[in-house]
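This is what each chain is made of:
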Amino acid sequence: MDAIRICGGNTLCGEVSIQGSKNGTLPLLAASVLVKGKTVLRNCPEITDVDHMLKLLEYVGCKITRNRRTVEIDASYIRRTDFPSEHAVVMRSSIMLLGAMLGRMGEISTYYPGGCVIGERPIDMHMGALSQMGVSFTETESGLRAVSTGLHGGLVKLDFPSVGATENVILAAVLAKGETVVEGCAKEPEIVELCNFLIQAGAKITGAGESIIRIVGVESLKEICYRIMPDRIVAGTYLLAAVMTRGIVVLNDAPVSQMQELFRILQQMGADIALADQWVCLNGEHAGKAVPNIKTSVYPGFPTDLQSAFMAAFTVAKGCSIIEETIFESRFKIVSELSKMGADVNIIGNRAMICGVDSLTGCPVNAMELRGGAALVLAGLAASGTTIVENKHFIDRGYEDICRDLGALGANIRYV
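The following refers to the structure shown. Keep in mind the model is a prediction, meaning the values are calculated, not measured.

All right, on to unusual backbone geometry then. With an omega of 15°, the peptide bond between Tyr299 and Pro300 qualifies as cis. Despite not being glycine, Arg246 has its phi angle at roughly 55°, a positive value. Within the secondary structure, Arg246 is located in the loop between helix H8 (232-245) and strand S14 (248-252). Assessed through its relative accessible area of 29%, Arg246 is described here as partly exposed. Here Gln278, not a glycine, exhibits a phi torsion of approximately 55°, which is positive.

Next comes the structure, spelled out in structure tokens:
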């Protein structure tokens with residue numbers, strides 16, 4: 001089954017619990033390599049990106065025990081420093097193993113990371129940052145080899161607040177000699193999550209969530225049991241499902257503190273939102289207004305991972321909205337598929353103008369990446385007739401069971 005069938009027109013209403021964070025989990029799985037013992041992760045999402053990362057860890061010698069959303073990684077013995085292509089090339093987050101393996105083993109051979117085709121996403125920044133810590137890189141026919149005779153601290157300056165590069169430097173610095181000062185860090189919640197995990201395991205880190213992070217290397221990390229935070233992008237997706245169907249949805253286990261910019265834009269659209277600790281109630285009955293201009297940005301700005309979902313929502317809003325994409329140059333791949341459904345979207349450079357139509361019409365469409373695929377599902381919920389979203393394997397990379405969750409809210413949706 002690699003497609004999702006949606007019969008649109010149902011108003012969503014009900015409660016749903018939010019899964020563990022995809023972008024929070026993958027760096028923690030990489031960090032488990034630094035622990036010469038057992039790491040237990042709870043609330044670990046059952047998604048294919050996690051499956052691939054666990055296969056990579058198993059390949060190098062980790063023992064994996066999994067019981068649904070609880071995963072135990074025993075990294076007492078690492079036997080290899082190379083990684084197979086079938087798992088490394090299918091997801092971007094395999095690059096997180098660069099800093100972790102250098103910190104544990106002093107070397108790594110891997111393929112260039114893959115994942116969604118949403119832009120160039122070069123790894124030059126990762127390489128440049130780690131080079132400042134004593135790592136030398138050699139390009140091979142199929143990938144990259146990195147070696148260090150001894151990681152050392154120092155000043156590492158990032159030209160852009162890249163989440164991945166920030167995480168890689170932190171992972172490499174935890175067991176390095178001396179103090180590492182990282183300037184220009186990303187401030188995303190996933191950075192804070194990684195630092196919290198490492199601190200509980202015995203790392204010495206200050207400044208998580210700020211532009212400057214300091215890491216003092218330690219001799220070793222201790223075994224740890226850690227609960228992963230909920231997924232802010234999944235939470236945003238389900239709130240937008242309520243907006244597009246003019247429904248009322250309650251989210252349990254939601255990362256409320258991480259979603260303030262999202263709430264602000266949803267309220268501009270006319271949504272009524274009530275909040276409590278890890279609880280959100282959204283009434284989308286009147287959430288049909290266009291938003292004149294939003295721009296993706298690094299945290300705490302508007303997240304690029306929800307740009308496609310908002311584009312889908314704006315296709316049935318009253319008036320014209322403009323989205324400016326500043327992070328990934330190919331985030332607009334969804335436009336051709338929305339156009340098949342009757343959407344009015346025009347692209348000028350890195351801006352998209354979306355003029356709302358009375359309704360979308362269901363038809364077969366193709367998911368080309370994770371977030372765009374989820375947005376096409378949202379479009380299907382609001383469309384008349386039947387929508388078939390092909391290539392659901394992209395969606396499975398980040399959503400445990402999107403049909404289960406939306407079905408629980410009243411959507412007519414199933415895998416085919």
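Having seen it, we continue.
Strand order in the open sheet formed by three strands is S6-S8-S7, with antiparallel pairing between adjacent strands. At either margin of the open sheet sits one strand with a lone partner, and together these are strand S6 (107-111) and strand S7 (136-139). For this sheet the average axis-to-axis angle between neighbouring strands, irrespective of direction, equals 15°. Taken together, the four bridges between S7 and strand S8 (residues 143-147) define a ladder with antiparallel strand orientation. Bridge assignment links Thr138 to a residue of S8, and that residue is Arg145. Packing of helix H4 (residues 97-105) onto the sheet brings it into contact with S6, S7 and S8, and relative to S6 it is tilted by some 155°.

Turning our eyes to something else, we now look at the side chain of Asp74. Tracing the backbone through its elements, the reader meets Asp74 in strand S5 (residues 70-74). No salt bridge is formed by the buried Asp74; its nearest oppositely charged neighbour, Lys38, is found at 5.0 Å. If we skip the residues at most four places from it in the chain, Asp74 touches Gly37, Lys38, Gly61, Cys62 and Lys63.

Buried residues dominate helix H1 (residues 22-31), accounting for nine of its 10 residues. Along H1, the positions that sit buried rather than exposed are Lys22, Gly24, Thr25, Leu26, Pro27, Leu28, Leu29, Ala30 and Ala31. Two or three places before Asn23, at the start of H1, stands the capping residue Ser21, its side-chain oxygen 3.4 Å from that residue's backbone nitrogen.

Once that is clear, we can look at the state of the cysteines. What the rule picks out here adds up to one disulfide. Cys7 takes part in no disulfide bond, and the closest cysteine sulfur, belonging to Cys403, lies 12 Å away. Between Cys13, a free cysteine, and Cys281, which holds the nearest cysteine sulfur, the sulfur-to-sulfur gap is 8.8 Å. For Cys13, a relative accessible area of 51% puts it in the exposed group.

Of all hydrophobic cores here, the largest spans 74 residues; its most connected members are Leu251, Leu266, Phe310, Met311, Ile402 and Leu406. A total of 10 residues in this core trace back to one element, the largest contributor, which is H8. Not counting chain neighbours up to four residues away, the residues in contact with Leu266 comprise Leu239, Leu240, Val243, Ala271, Ile273, Leu282 and Phe310. In terms of nonpolar packing, the next biggest core, distinct from the first, is built from 69 residues, Val33, Ile73, Phe197 and Val218 among them.

Definitions and limits used
- Residues numbered from 1 in each chain as written.
- Predicted model: local features only at pLDDT ≥ 70, side-chain atom pairs only at ≥ 80, totals over all residues.
- Heavy atoms only, no water.
- Helix = DSSP H or I, 4+ residues; strand = E, 2+ residues; numbered from the N terminus.
- Buried < 20%, exposed > 50% of the residue type's maximum accessible area, 1.4 Å probe, protein only.
- Pairing = 2+ DSSP bridges.
- Axes fitted to C-alpha atoms, helices over the stretch in contact; angles between N-to-C directions.
- Contact = heavy atoms within 4.5 Å.
- Lys, Arg positive; Asp, Glu negative; His and termini not counted.
- Salt bridge = Lys/Arg side-chain N within 4 Å of Asp/Glu carboxyl O.
- Polar contact = N/O pair within 3.5 Å; in protein donor to acceptor, adjacent residues only side chain to side chain.
- Disulfide = S-S within 2.5 Å.
- Core = buried A, V, L, I, M, F, W, Y, C linked by side-chain atoms within 4.5 Å.

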